[in-house]
Amino acid sequence: MGLKDLLKDKKVMPRDKDIVYDMLKDSKFTLVGLALALSECTNFRLRQLLIDQFNRCVNDHHALSDLAEKKDWYQTSTTLLHQMQIDLVDSEKTLS
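What counts and how
Residues numbered from 1 in each chain as written. Predicted model: local features only at pLDDT ≥ 70, side-chain atom pairs only at ≥ 80, totals over all residues. Heavy atoms only, no water. Axes fitted to C-alpha atoms, helices over the stretch in contact; angles between N-to-C directions. Helix = DSSP H or I, 4+ residues; strand = E, 2+ residues; numbered from the N terminus. Parallel < 35°, antiparallel > 145°, perpendicular 65-115°, else oblique. Left-handed = near helix turned anticlockwise from the far one by under 90°. Contact = heavy atoms within 4.5 Å. Core = buried A, V, L, I, M, F, W, Y, C linked by side-chain atoms within 4.5 Å. Buried < 20%, exposed > 50% of the residue type's maximum accessible area, 1.4 Å probe, protein only. Salt bridge = Lys/Arg side-chain N within 4 Å of Asp/Glu carboxyl O. Expected span 1.5 Å × (residues − 1). Polar contact = N/O pair within 3.5 Å; in protein donor to acceptor, adjacent residues only side chain to side chain.

**Things to note about the packing of helix 2 (residues 16-40) against helix 3 (residues 44-70)**
Geometrically, a packed helix pair is captured by the angle between its two axes and the distance between the axes. Contact pair helix 2 / helix 3: the axes reach a minimum separation of 10 Å and the direction vectors enclose 160°. In this view, helix 2 runs roughly antiparallel relative to helix 3, as classed from their interaxial angle. Helix 2 and helix 3 meet at a crossing whose hand is left-handed. Between helix 2, through Val 20, Met 23, Leu 24, Ser 27, Lys 28, Thr 30, Leu 31, Leu 34, Ala 35, Ala 37 and Leu 38, and helix 3, the contact on the second element is made entirely by Arg 47, Leu 50, Ile 51, Gln 53, Phe 54, Cys 57, Val 58, His 61, Leu 64, Ser 65 and Ala 68.

Right, dumping it as structure tokens:
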């Protein structure tokens, strides 16, 4: 379920921060899927293609994370618990 699905019944436009969070989530799922495909792949040419795609996705994810951090939308220097609290507050704001 993406951000669009959560907001479909609300008259709220997602903020740039919300869109970036959604993109980061999708990026993580893509990386997990590519890692799984790589671990199962036996064809050398296909494995090379997947490795290249995985590396591009990692680079894109880092660029997006850097943008979010630069805009002060994502604090990577906080503890995990503190980041979860920030995410929970942001989620509640989005859904209210």
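**Quick notes on the nonpolar core**
Leu 31, Leu 34, Leu 38, Cys 41, Leu 50 and Cys 57 together form the largest nonpolar core, which totals 6 residues. Sorting the residues of this core by element identifies helix 2 and helix 3 as the ones contributing at least two each. Among the elements that line this core, the one with the most residues is helix 2, at 3 residues. In this structure, Cys 41 is in contact with Leu 46, Arg 47 and Leu 50, ignoring residues within four places of it in sequence. Core analysis: the next-biggest nonpolar cluster, separate from the first, contains 5 residues, Leu 24, Leu 64, Ala 68 and Trp 73 among them.

**Some words on the pattern of salt bridges**
Applying the stated rule across the entire model yields 4 salt bridges. Salt-bridge contacts for Asp 18 lead to Arg 15; the nearest nitrogen and oxygen are separated by 3.0 Å. By relative accessible area, which is 37% here, Arg 15 ends up partly exposed. One salt bridge connects Asp 90 with Lys 17, and the closest N-O pair in it is separated by 2.8 Å. Of the two residues, Asp 90 sits in helix 4 (residues 80-95) while Lys 17 sits in helix 2, which places them 73 residues apart along the sequence. One exposure class covers both Asp 90 and Lys 17, and it is buried.

**Observations concerning the environment of Leu 24**
As for its position among the elements, Leu 24 is in helix 2. Using a relative accessible area of 6% as the deciding quantity, one classes Leu 24 as buried. Taking the C-alpha atoms as reference points, Leu 24 and His 61, separated by 37 residues in sequence, lie 6.7 Å from one another. With residues up to four places along the chain from it excluded, the contact list for Leu 24 reads His 61, Leu 64, Ser 65 and Ala 68.

**Points about helix 3**
Taking 1.5 Å of rise per residue, the 27 residues of helix 3 would be expected to cover 39 Å, and the 39 Å separating its terminal C-alpha atoms lies within 8% of that figure. Three or more residues of helix 3 are buried, namely Leu 50, Cys 57, His 61, Leu 64, Ser 65 and Ala 68. Considering only its buried residues, helix 3 is in contact with helix 2. The distance from a side-chain oxygen at the start of helix 3 to the backbone nitrogen of Arg 45 is 2.9 Å, and the residue carrying that oxygen is Asn 43. Phi turns positive, to about 65°, at Asp 72, one or two residues after helix 3.

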